[in-house]
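# Coordinate inspection notes
Here is how the chains run, residue by residue.
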Amino acid sequence: MRSNTYIKFENFSKEKKGYLETSQLLHAGFSNRQISFLEKEGYLEKICHGYYWLKSQDYNKPTDYMCIEACLSAPNAVICMESALYYHMIAHAEPAYLTVATKRTDRSLLKMNFPVKRHYFSENHFDMGITRKETEFGYYNIYDVERSICDIIRLKSDVNFENIINLTRNELQYERLLKYAKSLKVKQIYQTNQKIHL
């Protein structure tokens, strides 16, 4: 690749940071062949279809980069269950894969550079408990703690019920948990007569 291409990319990268759309690179005058070379030579990292990470010595990827990248690939995806608890800093151990929920009708690809476990949720209650997290490098959708607890209990058979319930730390959280449990028909929670205390 010609030296003036590297100079052009160096000037381009001074004005950009983080994630780039392929269309931005093409608009800046880089051909698909040049973009491919820049990736092979370590200037760009392919994230998913249509997106790259601009590698730089001035900054690193954020700690929640997997959440951002999953939502670049599938904009309506929601970080759920164990991963949601981890990124809410409730669970201490990072899961072996990112747990992501999409609607059953969502056909977005989730071919990522890290392990992903995808759950297809019914549209009836899909939006319940979603919060949108804005970051310096982009956004991601994530279920709140109470919704994540309900999903873990209803979808996993090997869960420790008491330990999971105890992640609710105050009365307001527990009331929200009960509300979600009734809507999602998680009987193990809403048929419990009293709160399990910490």
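Residues numbered from 1 in each chain as written. Predicted model: local features only at pLDDT ≥ 70, side-chain atom pairs only at ≥ 80, totals over all residues. Heavy atoms only, no water.

Our focus in this paragraph is the overall build of the protein chain. Summing up its helical and strand segments, the protein chain has nine helices and eight strands in all. Counting across all 198 residues of the protein chain, residues that qualify as buried make up 44%. A fraction of 53% describes how many contacts in the protein chain between residues 6 or more apart in sequence connect residues 24 or more apart. (Helix = DSSP H or I, 4+ residues; strand = E, 2+ residues; numbered from the N terminus. Buried < 20%, exposed > 50% of the residue type's maximum accessible area, 1.4 Å probe, protein only. Contact = heavy atoms within 4.5 Å.)

For the coordinates displayed, the defined rule picks out zero disulfides. Residue Cys67 stays outside any disulfide, its sulfur separated by 7.5 Å from that of Cys71, the closest cysteine. (Disulfide = S-S within 2.5 Å.)

On to the pairing of strand 5 (residues 98-103). Both faces of the sheet carry side chains from a regular strand, because those side chains alternate between them. A large share of strand 5 lies buried, amounting to five of its six residues. Relative to strand 5, strand 4 (residues 78-79) runs antiparallel, the two being bridged by two bridges. Residue pairing for strand 5: Ile79 is matched across the bridge by Val100. Strand direction decides the pairing type here: strand 5 and strand 6 (residues 116-121), joined by six bridges, are parallel. Its bridge partner lying in strand 6, Thr99 is registered against Lys117. (Pairing = 2+ DSSP bridges.)

Our focus in this paragraph is the nonpolar core. Core analysis: the largest hydrophobic core is formed by 35 residues, its most contacted members being Phe9, Leu25, Leu44, Ile79 and Leu98. Counting residues per element, this core draws most heavily on helix 4 (residues 65-73), which supplies six residues. Contact partners of Leu98, with chain neighbours within four places excluded, come to Met66, Cys67, Ala70, Ile79, Ser83, Tyr87, Phe114, Pro115, Val116 and Lys117. In this structure, Cys80, Phe121, Tyr180 and Ile189 belong to the second largest nonpolar core, which totals 23 residues. (Core = buried A, V, L, I, M, F, W, Y, C linked by side-chain atoms within 4.5 Å.)

We now examine the sheet that holds strand 1 (residues 19-21). Each strand in a sheet pairs with its neighbour through backbone hydrogen bonds, running either in the same direction (parallel) or in the opposite one (antiparallel). Strand order in the open sheet made by the three strands is 1-3-2, with antiparallel pairing throughout. Since the sheet does not close on itself, it has two edges, and those belong to strand 1 and strand 2 (44-48), each with one partner. Across this sheet, the average inter-strand angle for adjacent strands is 35°, counted without regard to direction. Looking at chain direction, strand 1 and strand 3 (residues 51-54) are connected through three bridges and run antiparallel. Bridge pairing in strand 3 links Glu21 to Tyr51. (Axes fitted to C-alpha atoms, helices over the stretch in contact; angles between N-to-C directions.)

It is at 9 Å that the axes of helix 6 (residues 145-155) and helix 8 (residues 171-184) come closest, and there the two elements cross at 45°. Classified by the angle their axes make, helix 6 and helix 8 are oblique. Both helix 6 and helix 8 take part in a crossing whose hand is right-handed. Facing Glu146, Arg147, Ile149, Cys150, Asp151 and Arg154 of helix 6, the residues of helix 8 in contact are Gln173, Arg176, Leu177, Tyr180, Ala181 and Leu184. (Parallel < 35°, antiparallel > 145°, perpendicular 65-115°, else oblique. Left-handed = near helix turned anticlockwise from the far one by under 90°.)

Before going further, it helps to examine helix 6. Count 3.6 residues to each turn of an α-helix, and residues three or four apart come out pointing the same way. The element helix 6 is extensively covered by neighbouring structure, given that nine of its eleven residues are classed as buried. For helix 6, the complete set of buried residues consists of Val145, Glu146, Arg147, Ser148, Ile149, Cys150, Asp151, Ile152 and Ile153.

Quick look at the sheet that holds strand 5 now. Read from one edge to the other, the open sheet built from five strands follows the order 6-5-4-8-7, with strand pairing classed as mixed. Each end of this open sheet is capped by a strand with a single partner; those strands are strand 6 and strand 7 (130-135). As judged from the six bridges shared by strand 7 and strand 8 (residues 138-143), these two strands associate in the antiparallel manner. Paired with Glu134 across the bridge in strand 8 is Tyr139. Of the strands in this sheet, strand 6 and strand 8 touch helix 6, which is tilted by about 90° from strand 6.

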